[in-house]
Structure formats: C-alpha cells, structure tokens
There are 2 protein chains.
Amino acid sequence: MSNVDPRRMADAIRILTVDACERVGEGHWGTPLGAAEIATALFTRHLKFNPADPTWFDRDRFVQSNGHGSMLLYSLLYLTGYAHMPLSALKTFREIGSICQGHPEREPEAGIEITTGMLGQGIANATGMAVAEAYLNHLLGPGIVDHRTWALVGDGCLQEGIAHEVISLAGHLRLGKMTWLWDDNLIQDDGAVGQSISEDMDARFRAAGWHVQRVEGHDMEAVSAAIEAAKSDPRPSLIACRTMIGRGVPGLEGTRSAHAGKLTRENTEAARARLGWEGEAFAIPEDILSAWRMAGRRAEAAHAEWTARVASLPAEKRALVDRVSKGDLPEGWRDTLQSYAREAAGRSEFGIFFSGEIVDRLAAAIPELLSGAPDLEAATKHKRSLSAFTAEDRGGRYLHYGVREHAMGAMLNGMVAHSGVVPVGVTYLVFADYERPTFRLAAMMGLPTVFVFSHDSIGIGRNGPTHQPVEILASLRAIPNMLVFRPADGVEAAEAWELALANRSGPSCLVFPRQKLGPARDAASTGENRSARGAYVLAEATGGERRATLLATGTEVAIALAARATLEAEGVPTAVVSMPCWALFEQQDDAYRNDVLGAGTVRVAVEAAVRLGWDRYIGPDGGFVGMSGFGTSGPDDALYDHFGITAEAVASEVRERL
Amino acid sequence: MSNVDPRRMADAIRILTVDACERVGEGHWGTPLGAAEIATALFTRHLKFNPADPTWFDRDRFVQSNGHGSMLLYSLLYLTGYAHMPLSALKTFREIGSICQGHPEREPEAGIEITTGMLGQGIANATGMAVAEAYLNHLLGPGIVDHRTWALVGDGCLQEGIAHEVISLAGHLRLGKMTWLWDDNLIQDDGAVGQSISEDMDARFRAAGWHVQRVEGHDMEAVSAAIEAAKSDPRPSLIACRTMIGRGVPGLEGTRSAHAGKLTRENTEAARARLGWEGEAFAIPEDILSAWRMAGRRAEAAHAEWTARVASLPAEKRALVDRVSKGDLPEGWRDTLQSYAREAAGRSEFGIFFSGEIVDRLAAAIPELLSGAPDLEAATKHKRSLSAFTAEDRGGRYLHYGVREHAMGAMLNGMVAHSGVVPVGVTYLVFADYERPTFRLAAMMGLPTVFVFSHDSIGIGRNGPTHQPVEILASLRAIPNMLVFRPADGVEAAEAWELALANRSGPSCLVFPRQKLGPARDAASTGENRSARGAYVLAEATGGERRATLLATGTEVAIALAARATLEAEGVPTAVVSMPCWALFEQQDDAYRNDVLGAGTVRVAVEAAVRLGWDRYIGPDGGFVGMSGFGTSGPDDALYDHFGITAEAVASEVRERL
C-alpha cells in the first residue's frame, strides 16, 4: 500500500462523480458518493483484477448491481488504470456513444463485466457467475479458475423479486465465494426506505443460509475486516454497510435529493470545500492517482503465477483451459448436431424431446455445458444423463433452479458473461414472461445466451389457457438482436441448435412443443443447414407453376403439408415454406425473400399463435390461420379443431383467394 | 356443525378429485388430497361465504394460489352448493369449455375468485384483495367491508420472486386480515423440495413481520386453532401446514408421482379401500353432502345482517356502497375527462404529466381510486394530492410499492378482482417486462385493470438503453383482449383514460413519454372521443387529393405533422393519421379502415420503436421510420436525430415512393 490516505482515494471517486454529473447536468451521484469507501476498500485491498489484462480468465468478477450509480464503476476503472477507460471517457458520461453510458453497458475490455440498471439483474448475474466459477473450478482443477464474485447492491435491487430468488438459491447452493456489499443508505427514489419496507433484512439473508455482517460503511477498516471474514466463511456473504447517500455534498447528503438530484457548480464547489479538495474539474492529484494505479497492479504477481501455472499444465488440460477461456466449442460439435440431424430425419417425437436428446449429445461433447430447469425436469427433458450441481457436488451439470424462472434467465446471462461455460436453461414458453427482462439484456449485451422453451402453444392440452402461450412468440420476435427459432422437426431442431451455438453476438430462443413434432425433413436434406436462411421452401409446388404458398413454423408445418396435399390433389400447385427464424430471414436479400414467399401467389400463414407480425409475409391479401384470443383446456388435437387451426382451414383460405 | 365426521368430509374432496382425474386421464391430484383437511377446516368453520350469493360484496376472498390443484377448489364449490358448480361440471374437468379448466379460470358466480396457475400470482392477487378490503373498510365505515382474505399456497409459489415482493410488502403494510395456508408437503415437480431450497421459511416470513405458526396439516383441530390465532393477530399470518402430498392413494402418496402422476382405476379403487369409501364414481353419501351443504349455509345469518345493515345506512352512504359494490363509476366521471380534454387541448407538457393530472382529477371525483408506483413517485407524477396508504392510515390512497413491479401488477389485478376500488399503477415502460405476466392474466380474466407507463422510448434520454424501451409496445400489442394506448397529447390522454375506464371486459395499458408531448388536437376537436375508433385522420391532406398518409402514435405524431407540413409545402397533399390504439382500430369496418389508412396513397409509419406489426398498416410498399435496435445515452432530441427518427426522414421515405 502507498502512504496516501485511503480516505483521499475514496474522495477521488466523489470528485470524479460530481464533476461528471455537473458537466452533463444529470446522473445518479448519491451511490458513488455513499459507497466510495466500500468500493475503495474492495478495489484497493481485496479484488483480484489486472487492468493490463482486463479479461483475465481468473479475475474476480465485480458487478455493480445498482447500475444507476455508474459513475462509481467508471471512476474505479479509470483510477485503477483500464486503458479503455481514460479520463476523457468520463468527460463524455451520458453522451451518445460514450463508453460511460447512463447505466453500465457491458464492455469487458474496459472492466464493465455486465450491463446493469434494471434493478435486481446484477445480483442474479453475479449468482450465475459464481456458479460458473464453482463448476469451472471443479472442471479445470486447482488454481485455474479460483476467484471470488462481488456485487454492490442497493435497496432497490433487494426489493425486487428476483433478488429473493437468488438469495434463496445462492444460500442453498452455498456459493461461498460470492459476497454482496449492500449500500444500506436508508434512502430510495421515493425518499425514506421505510415508506415501503420494514423487513429485517439481516434475518432474511440468515434464513436463506447466508453469512451476514453489519458495518459502518464509511469505515474502510471495518469494511475490509468484514470482507476478510466473508472470504473465510463457507456461505455466501452479505455485508450490510450503513452509509450516507451522497456523502460529501453539503446540504444534499443523506437526503432524497442525493439520489439523482441536479448538481450545480455551487454544489460541486461546496463538495470540494468540504473534502478539502483542490484543482480543476476531473483533476486527480498525482499522489492519489498513483496510489490508485498501484492498487490496480496488486494482482500482477498473481496474474503472472496464474499464467505460468496454466503454461505448465499437461497439454490436454492446457488445451481445455485455452479453449474454454476463449469461449470456443470443442472440435466436432457441429458433427454431433449433423449426425443427430441425420438420425432425427423422418422421425416424429414429442417436440421438446428432440432438444433434450440434442442437449444430451452436446453435453457428452462439451464438458462445460450446464443444463437446468425451474422445477420442470420431467416435462422439459433436459436432465437425462446429467447429475445435479449441488452444494456438495460441484461436478454436477444440471441445476435444479426451483420455481425461479427469472433467476434462471439472469443466471444464464451471468454464466455466459463469466465465460467458460455453455449454460442451457429450459422452461415452458408461457413462463418466458417471468424470464423476459433477461432476454432484452442478453440481446442488448450481445451475449450468446440460449433460452430453451417447451409447451409452446395450445398443443399443451388440458392444462388450459394459463399454460397455453398465444402471444409469446410475437413478443419474443419483437426483441432486437435475438434469434427466435421454432423448428418443425428434429432436423430443424439440430439446425437451430447449431445456429444458436454459432451465434456469438446475441441470444437465441429455441421454442418447442410438448406434442408430437415432425417429420418435416428427410435424411437427404440434412447436408446443408437450411434453417440458416431463416425460411426456405420445404416442399415446392408440383404439377405446374406455384399458385399458393403456405407459410408455417413448428408444429403447424405438418398442417401446412397436409393442406398442400389437399390443394395439389385439387390441382393447385402449392408450396410449403418453413420459417423457423424470422430474424435470419430478414437478413436475406430481396430476391431470396421474394422467391421463398412466392410473390404473386396466394399466401396463407398458419401458426398456433396471434397474427402480429405475419402481415409482413402474407401481404395485404394473404390469409392467416391461428389464434385470436386465449385457449382452453382440452386434448391437443381437439383444441386445434376447436380453434380452427386445421389443414382444411388453411386450404379453404387458399381457395377463397384463388 | 353436523355430526358427520369431518374427516369423511375431507375425504369427499379426495374422492371427487381422484374420480375426476381418473376419468380424464390426468390432473394434479396431489394437492387436493394433501390439503383436503386444511380446506375442510377453513371452509366448514371459518370462511365467510354464501353460495346462494356468490358475489356477496363482504364475503371472504379465498384464492387457491397453487392453481394446478384446481380439483380442490372445484370440489369445495360443488360440495358447499354453488349453483354454477354442479356435479356435472366436475365430470367435465379439463374438457373444452368446461368451467372446471385445468387451472382455475376466474368465474365469481361459481366461486372462482381469480385465475391461478402461473405460480406466485395468486398470493399477490390476494395481497391486492387485502389492500382493497382495508381501504374499503375505511371508506365505507364499520361493518360494510370487513372480511378476511385467504390463500392456499404451495412450495412453488413461495419460490417465485413475486412471493417475496408481496411477503415483504404485506408485512410492511400490516395486512392482518390476510392469512396464507401453506401446503408444506416437501414435494415439488422435480421431487424433494430439498433439491432446490434449504431456506428457513418460517424465519423468512418472521423477518418480514408476519405471524407464523406451524401445524400438522391433516389435523383439522390444529389447523382450525391456528386459523383462530391468525384471526386475532394484527399481522398477516402464515400457517405452515405439514402435509403428505396425495394422501389417501396407497403407493403414491408422499411421492413425486403424487404431484400429477397418472391415476388408474386400480389407484382410485385402492384409495376407496384405504378411505373406507363406497359407492359409484363421483357419488358423495347423502349425509356427507348434507354436512357440506350446511357448511355452505353457515354465513346465511351474517349475510342477512349485512344486507339489513346496508339497507339501514343513510341514503348517501347506501348509494355509495351500492355504486362501488357494482363497480360503477360516479356520475360525471366522463365530464371530468371531457373538461380536462378541453383544457389540455393545444398544450404541450411532459407526457406523463397529462396522465398524472388526469388521475388527480379522477381521484377527486372517484373516492375509490387508489394510485401508486414502484418507487418512482417523482418521475411518474401520479401521487400529487394523495397521501400514502400505510399500516397506520388506511385512508391513504397512494401505495408506495417499493421496487416491486411484479407485485404491483398482480396486486392491481387482485384489487380489480376484489371489486369496489379503481386501482392505478404506474411505472416506466421498460419495467413492463417485470410486470408482464400480470397483463396476460388480466386479459385472460377480462379484468379491467389499468396499467400506466411513462418513459416510453429513447426519448427518456441519458439514462441509456437499459431504460429505453424499443420492443415493448409491440410486445404489449401482442396480448389479446388488451387495449394499448399511446396518446399523442393531453386530449388523446383524456380520451384514452375514458376508454380504459369504460372498458369493463379487459385491461388497458396507457403509455406516455417522459419528454414533451403534444399539442395534436385543438379544443374544437374535443366533443367526440376520436380515439374510440383506434385511429383517425388527425390532419387531412389539403391542396388536392391525398397522395401520402403518415401513420404515427404518441410523441411521433408531432414528427408526422412536421413532415406533412414539409410535404404539403412541396405540393404533396398529405394526411396524418394518429393511431393511439391498434386494437380498437381492428374493430372498425373495412371501409373506415381503408379510408383512414389511405389505400392507394403512399404510406409511411413513424414510431420510436421496432417495426413489428406496422407492416399490416403500411402494406408491402410502405415505409417505416423507427428503431431497429437498442438505444444509447444522450439528450432526447439528439437521440431522435441520431437514430434518424425525424420529420425529414419521414418526408424522404414518402418522396422515394411518390
């Protein structure tokens, strides 16, 4: 440690924060000022990180879950010396295109591990990171992945439901290398937290099996000692740090106005006076900056030792570490899928079974694959040969999430952001709504998270409308930068899995039915990944020039094929187009799209879901056979008849338009 | 009480359940069999209800949150004598159109208070009901609304995040008339609950300020005594009832297979033998049915006294009770909105301000209106003159939900289902994803819940992409039976509020920007609710026959108007169509729709959101100006320029197509 007063180091965060907020005229400065000592204690004494190698595989992961206080993170990253976070970046806080966005946007090279700001997500992402660490620690052996996961968390995060899901699960899984530092400042946006909560938070965490400590959050020695105690406890730890929001700005600190109130030049000058700080805006005295930069180099030796340790591993293990740390899949993973496609060609199965079988094959080929579901192991069929990941067995590869869909989604994102593992989470499509905030974040971050769903329509049958998605496909297709696949059989299932795993810049949703699916494709058609273009002519019109084009996805491809048979028997040359992924189809050129869609032919789409979005493909004169409201209980076949989603209805829509 | 052995009464639930499940070949019978004694104790000794008047305003509300065990509820309703739940209905369990759907679908006349089955929702709905009760108890005075709220809850519900949100909030609000009976059977779908949870649930509830008891759940005396104790405690109560899932079916009870495993004739016969039960399937011995029917008449005297008490109220109070119990709004409520529309015409305001001002006016006119937000009071502007609803002040009309969006949505549904109050909940549109499961349930139930949103686009500015919805309007429009309004100014805001309040058969979402909105309409245009047709010509083309039609909603209507000015100056007669509500527009006839959309003219839509759905209105040759990905931090005006959502871009799209 340098001989600079650590309180001055914490004040550097305060100054950078108020200067950045004053400059742009807004920003949440209360958290950076309130949590400055907590962060300084963590970053200067405990956090294992190396700004010279920001994505060091074995670095500690730090998540600022209270993302609105983003200037805290940006200040820390600048002060500790991340090249991608120069002082000039802080001067663009909240500007278009800035790396210093209003809320942190994932940028690992700059030390921003994950996008936060939708409250509760960050701590759930951190929980996923801790799971990834625990599994990789087991997989790769001692000293390779052996780091801690830290989250700074505010009152808002802890009020969100997702917080409780992960508190409960982290305690159950005994994720002892995860520590949450709670900026317990008694203030939220509405004012005193006592307006909306009177819970004994410490007792709540203890009830879930956490190690809980309570400290004065501006006392760096106390915070540091609590962190030491947390490290040596086998349970996940909460350190409740009592702080004053906005500490350092006279007249505003400790009040609701410190959350995100406007800072004037008078405020920043008063803060400078209070803190005894001199100099221009954004200027950090050399001794203080130097002390921070030294703190940023604390782990240089550990980093070098780690590098040497990896280098000295046996070749096979070294290759594994090298591969998973890059996020590469093992050679041959495509072969696994292509060979599955050949096997699955011509088969009909309960739809989700295809995905379960694929994940089982992939799990055999990809040791870093982790599966799991929220208490739907039997129905979603993605456990199979895998054993449970538990507090006792870190080698298990199946997470029993409990009925915690939202946590699952965010933990998947956290695992992907951690890197090194390939997580798969599966639930009923209707519960996608519970997970939904995590999809948009994966898409925004460009994380290649794979979300799998079963029970995708009224075809789930007698469980009734609460369990029958009708609007959810459309709602998923609305999310930018996410691939939504609804495969028509086992071949398309394998193709969708191949495309989802190959896509490194965004998430994918793979949607399967509960009921029988396929066959759609024969073995001869499996050489090329036809789903890669999003939509393709599955069955071309015969007996003359195409007069009708039937568009369908998933289970309804079979209905379209049956309608085609009827129509062709009536002398209407009819093509069936399978459209497993609209987003990929949108990337094709006009010529391909017009050719597939059959411009000039009668077009009818069939999908057991709402119409929203289909007009783009069927045009103003097209027909749509699907759902216009919610479902009802009944056997799946009867429900299709009841709601008129039949080959005859499709044929009839065509006939009306010929 | 009759002299029939209450254990035989509980067994009647078991027999009806296994017979219904065996008949249809599926169903979740474990809960009804495990919780039969809990339910019998509640329904025969405590619950205040009157099957002869199922919607009695002051009845206790009972919610079966573990909705998969729906045969428990159906059995209870048949046994206690609801005319809408005859034995014949139980014999159609899980059939198309049956009142006995796989999961309970709201049907108050039959005693089904709320739709459940998406886990965690029911207990949150119950919490909303308890709030409604507490407020109405205060508003209407002693003895008018003075009932309890009960929920039966399983392990799954308690693992969901929403559970914790309402546990925390119910404890804080001290909703002492609410009791949850936990069917603590140690089994969930995956098997032993210990696979996914090891929390001390009792301590968790105590930490949140609940009264907690633990009893043997098959001991009706013990359950009943605990219920008595719960009634006399001022805190909300949890009664943890240790039960055996599927109790009564030899070989399956207490196992994972009892959750929803297939029941054969052998199983039901073995259950009959175990329970010493004789007779045909579905047959309940006369003495037992009679005892149940007597239980269903326990509250007859209380019901008569209540009716007399209401009749003897002073005329004004009686009229109020009469009105709110019917769910009618006070006379003149439309005048309030129409007069607001006249005032707002021609004005420009921060968009959400219009809704805040409207709710303030409505609150003055509608004493049963309750507002609230999840820790966004200042930014969403819907508190204004209202004081907080708290543990101490039940006359307060603003709920500080804390950062608990999902709880808010479900509580709104619970309040609406309770009836008598008009709840309003508002948050940022981006957090609609956290509330989303509650929208589909409101839509499915046909509940007229009003969900309000602010900060509806990139126009929120510097908070950045995490807080900028781009895909959420489309995702809301995908939900059947829900009206989504995006008003263009204060006049349309008042119109949207009028339509939302007038719509009694489904929910409405009212979506407002943070930034300046309007003006779009002048005072002369306020006589008729033009938003009622969903879309209308706001500004007709001048200077000749219309050649271009610009379609827009909300803040982008101003952009369309500016583009129109440019185009008309260039000699292109151009109309602007405001489309505040797509769903209402879809209800209009073809002639109106074609006329508004300007069939044959160049059509361009502008909306600061994704394109999904717009192709239906612009046709294959139309243009779209909007978002294709996520946003970025920046000042709102600059962001519109940055993403090319400008009048010039709209005009240019038109020119290209002329």
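Residues numbered from 1 in each chain as written. Chains lettered and ligands numbered in written order. Predicted model: local features only at pLDDT ≥ 70, side-chain atom pairs only at ≥ 80, totals over all residues. Heavy atoms only, no water.

**Student:** Explanation requested: the nonpolar core in the structure shown.
**Tutor:** The nonpolar side chains of a soluble globular protein tend to be buried, and buried together. If you look at the biggest cluster of nonpolar residues, it comprises 281 residues, and the most contacted ones within it are Leu140, Trp180 and Trp210 of chain A together with Leu140, Trp180 and Trp210 of chain B. Once residues lying within four places of it in the same chain are set aside, the contact partners of Trp210 of chain A are Ile167, Ala170, Gly171, Met178, Trp180, Phe205, Arg235, Pro236, Ser237 and Leu238 of chain A. (Core = buried A, V, L, I, M, F, W, Y, C linked by side-chain atoms within 4.5 Å. Buried < 20%, exposed > 50% of the residue type's maximum accessible area, 1.4 Å probe, protein only. Contact = heavy atoms within 4.5 Å.)

**Student:** So what exactly am I meant to see when it comes to the sheet that holds strand β2 (residues 149-153) of chain B here?
**Tutor:** Hydrogen bonds between backbone groups are what pair the strands of a sheet, and the pairing can be parallel or antiparallel. All names here are of chain B. With parallel pairing, the 5 strands of this open sheet are ordered in space as β1-β2-β3-β7-β6. With partners counted over all chains shown, the strands left at the sheet margins are β1 (61-64) and β6 (211-216), one partner each. Strand-to-strand twist in this sheet, taken as the mean axis angle between neighbours without regard to direction, amounts to 15°. Where β2 meets strand β3 (residues 178-184), 5 bridges bridge the pair, whose relative direction is parallel. (Pairing = 2+ DSSP bridges. Helix = DSSP H or I, 4+ residues; strand = E, 2+ residues; numbered from the N terminus. Axes fitted to C-alpha atoms, helices over the stretch in contact; angles between N-to-C directions.)

**Student:** Please explain the packing of aromatic side chains as it appears in this structure.
**Tutor:** One pass over the full model with this rule turns up 36 aromatic pairs over all chains. Between Trp614 of chain B and Tyr617 of chain B, the aromatic rings sit 6.3 Å apart at their centres with planes inclined by 80°, giving edge-to-face as the arrangement. For the pair Trp614 of chain B and Tyr617 of chain B, a shared accessibility class is recorded, and that class is buried. Cation over ring: Arg293 of chain A sits above Tyr78 of chain A, and NZ or CZ is 5.2 Å from the ring centre. (Phe/Tyr/Trp six-rings, centres within 6.5 Å; stacked < 30°, edge-to-face > 60°. Lys NZ or Arg CZ within 6 Å of the ring centre and 35° of its normal.)

**Student:** I keep staring at the pattern of salt bridges and nothing clicks. Help me out?
**Tutor:** Between side chains of opposite charge, pairing is possible as soon as their charged atoms come close. The full count for this structure, using the stated rule, is 92 salt bridges over all chains. A salt bridge links Glu199 of chain B to Arg204 of chain B, with the nearest nitrogen and oxygen atoms 3.7 Å apart. For the pair shown, Glu199 of chain B and Arg204 of chain B are each scored as buried. Taking the shortest distance from any N to any O, the salt bridge between Arg655 of chain B and Glu648 of chain B comes out at 3.0 Å. The partly exposed category is assigned to Arg655 of chain B, whose relative accessible area is 32%. On the accessibility criterion, Glu648 of chain B (44% relative accessible area) is partly exposed. The network of salt bridges with common partners includes Glu586, Asp590, Arg593 and Arg616 of chain A together with Arg611 and Asp615 of chain B. (Salt bridge = Lys/Arg side-chain N within 4 Å of Asp/Glu carboxyl O.)

**Student:** Help me understand the relation of the copies chain B and chain A, please; the structure alone is not making it clear to me.
**Tutor:** Note on the identical chains: chain B maps onto chain A by a rotation of 180° and an axial translation of 0.0 Å, with an RMSD of 0.0 Å. The two molecules are tied by a two-fold rotation axis, judged by turn and shift. Taking C-alpha positions as reference, the residue of chain B nearest the rotation axis is Gly161 of chain B, located at 1.8 Å. (Least-squares fit on C-alpha atoms with pLDDT ≥ 70 in both.)

**Student:** Looking at this structure, I do not really get the pairing of strand β9 (residues 369-373) of chain B. What am I missing?
**Tutor:** Successive residues of a regular strand alternate their side chains across the two faces of the sheet. Residues and elements named next belong to chain B. Along β9, 5 of the 5 residues are buried, which leaves the element largely enclosed by surrounding structure. Covered by surrounding structure in β9 are Leu369, Ser371 and Ala373 together with Leu370 and Gly372, the residues of both alternating faces. In terms of strand pairing, β9 meets strand β11 (residues 422-428) through 2 bridges, oriented parallel. Counted as the bridge partner of Leu369 is Val422 from β11. As judged from the 3 bridges shared by β9 and strand β10 (residues 398-400), these two strands associate in the parallel manner. If you follow Ala373 over to β10, its bridge partner there is His400.

**Student:** Please clarify how the environment of Pro573 of chain A should be interpreted in this entry.
**Tutor:** Residues and elements named next belong to chain A. In this fold, Pro573 is placed in the loop between α23 (556-569) and β18 (574-578). For the pair Pro573 and Ala541, spaced 32 residues apart in the sequence, the C-alpha separation amounts to 4.7 Å. Ignoring anything within four residues of it in the chain, the contact list for Pro573 reads Ala541, Thr542, Gly543, Gly544, Glu545, Arg546, Arg547, Ala548 and Glu568.

**Student:** Could you clarify how one ought to interpret the sheet that holds strand β17 (residues 548-552) of chain A in this entry?
**Tutor:** Residues and elements named next belong to chain A. A sheet is described by the order of its strands in space; here 5 strands give the open sequence β16-β18-β17-β19-β20, paired in mixed fashion. Across the chains shown, the open sheet's two edge strands, defined by having one partner strand only, are β16 (536-539) and β20 (623-625). This sheet shows a mean twist of 30° between the axes of neighbouring strands, independent of strand direction. Where β17 and β18 come together, 5 bridges link them in parallel fashion. Counted as the bridge partner of Leu550 is Val576 from β18. Those strands touched by α23 are β16, β17, β18 and β19 (602-606), and its axis lies near 170° from that of β18.

**Student:** So what exactly am I meant to see when it comes to the interface of chain B and chain A here?
**Tutor:** Accessible area lost upon the coming together of the parts serves often as the stated size of an interface. Listed by partner, the interface residues are 95 residues for chain B and 95 residues for chain A. For the pair chain B and chain A, the two sides together bury roughly 8000 Å², of which 54% comes from carbon and sulfur. One salt bridge in this structure joins Arg256 of chain A and Glu377 of chain B, with 3.6 Å as the shortest N-O distance. Among the elements that line the side of chain B that touches chain A, the one with the most residues is helix α19 (residues 432-445) of chain B, at 8 residues. For the side of chain B that touches chain A, a count of residues per class yields 35 nonpolar, 36 polar and 24 charged. (Buried area = accessible area lost by both parts, 1.4 Å probe. Nonpolar A, V, L, I, M, F, W, Y, C, P; charged D, E, K, R; others polar.)

These figures come from the coordinates and say nothing about function on their own.
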